Amino acid sequence: DFTFLYNYHENLENYFHITYRNITGFGHYMITNLSDQVDKERLILADTLCYAVSYLNKSTDFYDHWFPNTFLYGKNGNINFFDRMSSKKHFDKVKSIFNVESDTELKEKLENNRENSKDRLRYGKGASEHVPFVYELIDPEKLSIYR
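Below, the structure is looked at part by part. (Residues numbered from 1 in each chain as written. Predicted model: local features only at pLDDT ≥ 70, side-chain atom pairs only at ≥ 80, totals over all residues. Heavy atoms only, no water.)

**Side note on helix H6 (residues 103–116)**
Taking 1.5 Å as the rise per residue, H6 with 14 residues should run 20 Å; its terminal C-alpha atoms sit 20 Å apart, in good agreement. Every buried residue belonging to H6 is among Leu106, Lys109, Leu110 and Asn113, and all of these are buried. Down the axis of H6, the smallest arc covering the buried residues is 100°, so these residues share one side. Seen from the buried face of H6, the exposed residues on the opposite side, beyond 90 degrees, are Glu108 and Glu115. As for H6, its buried residues are in contact with helix H3 (40–57), helix H5 (88–94) and helix H7 (134–137). (Helix = DSSP H or I, 4+ residues; strand = E, 2+ residues; numbered from the N terminus. Expected span 1.5 Å × (residues − 1). Buried < 20%, exposed > 50% of the residue type's maximum accessible area, 1.4 Å probe, protein only. Arc of directions from axis to C-beta. Contact = heavy atoms within 4.5 Å.)

**A word on unusual backbone geometry**
Although it is not a glycine, Asn99 sits at a positive phi angle of roughly 60°. By relative accessible area, Asn99 is classed as exposed at 55%. Phi at Ser144 is positive, roughly 55°, even though this residue is not glycine. Relative to the elements of secondary structure, Ser144 occurs in the segment after H7.

**Let's talk about helix H2 (residues 25–32)**
Listing the buried residues of H2 in full gives Gly25, Gly27, His28 and Ile31. Across the axial projection of H2, the buried residues extend over an arc of 165°, all falling on one side. Buried residues along H2 sit in contact with helix H1 (10–20) and H3.

**Topic: the side chain of Ser86**
Checked against the element boundaries, Ser86 lands in the loop between helix H4 (77–83) and H5. Within polar-contact distance, the side chain of Ser86 engages the backbone oxygen of Asp83 at 3.0 Å. (Polar contact = N/O pair within 3.5 Å; in protein donor to acceptor, adjacent residues only side chain to side chain.)

**Details of the pattern of salt bridges**
In the structure shown here, the tally under the stated rule is three salt bridges. Residues Asp92 and Lys88 are paired through a salt bridge, measuring 3.5 Å at the closest nitrogen-oxygen approach. Placement of both Asp92 and Lys88 in helix H5 is noted, with a separation of four residues, approximately one turn of the helix. By relative accessible area, Lys88 is classed as partly exposed at 41%. Residues Arg114 and Glu111 are paired through a salt bridge, measuring 3.6 Å at the closest nitrogen-oxygen approach. Here Arg114 and its partner Glu111 are both found in helix H6, three residues apart, which amounts to about one turn of the helix. Each member of the salt-bridge network shares a partner with another, and the members are Lys88, Asp92 and Lys95. (Salt bridge = Lys/Arg side-chain N within 4 Å of Asp/Glu carboxyl O.)

**A word on the nonpolar core**
The nonpolar side chains of a soluble globular protein tend to be buried, and buried together. Core analysis: the largest hydrophobic core is formed by 28 residues, its most contacted members being Met85, Phe98, Leu106 and Ile138. Broken down by secondary-structure element, the contributors of at least two residues to this core are H3, H4, H5, H6 and H7. Ranked by residues supplied to this core, first place goes to H3 with seven residues. (Core = buried A, V, L, I, M, F, W, Y, C linked by side-chain atoms within 4.5 Å.)

Interpretation in functional terms is not warranted from these geometric data alone.
Structure representation (C-alpha cells):
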C-alpha cells in the first residue's frame, strides 16, 4: 500500500495560496521544482494513477486515499493513458496497476466507485477546480473494446 506516503501539507498550501494565489500549493511546488531528469507529464500521470488506484482499491475512509495535487498542471497526456485502455492490448499491459485480472473486474470496481462517490474533490477552500471521479477518467463502457 502506498497511500501512507500521502500527507496534506497545510502550511505549504496556505503559503502558496495567500502569496501566489495558487490553487494547489503542493502541486505547484512539485511541478516547479522538478529535476530536468523527471518528465512533468509522467509525474502528473503517476500522481493521477495513485489517485485512481487508491479510490478503486480502498475502503470508504477518506484518509486512505490519494489526492492528485498535480492533476491541474497536466495536459491531455494523462487522459490519453486512460483513453488507450479501450484497447485490449493496452488494457492487458496495465491491468496489474489496478489489481485486476480482467476488464469485467475493473468495470465492477468502477461501478462501485460510481455508487460510492459523493462530493467532488476540490482544490483548496471554495475552489471551483475539481478532480474528476475515477469512473470519469476510466470510462467503463469503453474499457477493452478494441483489439
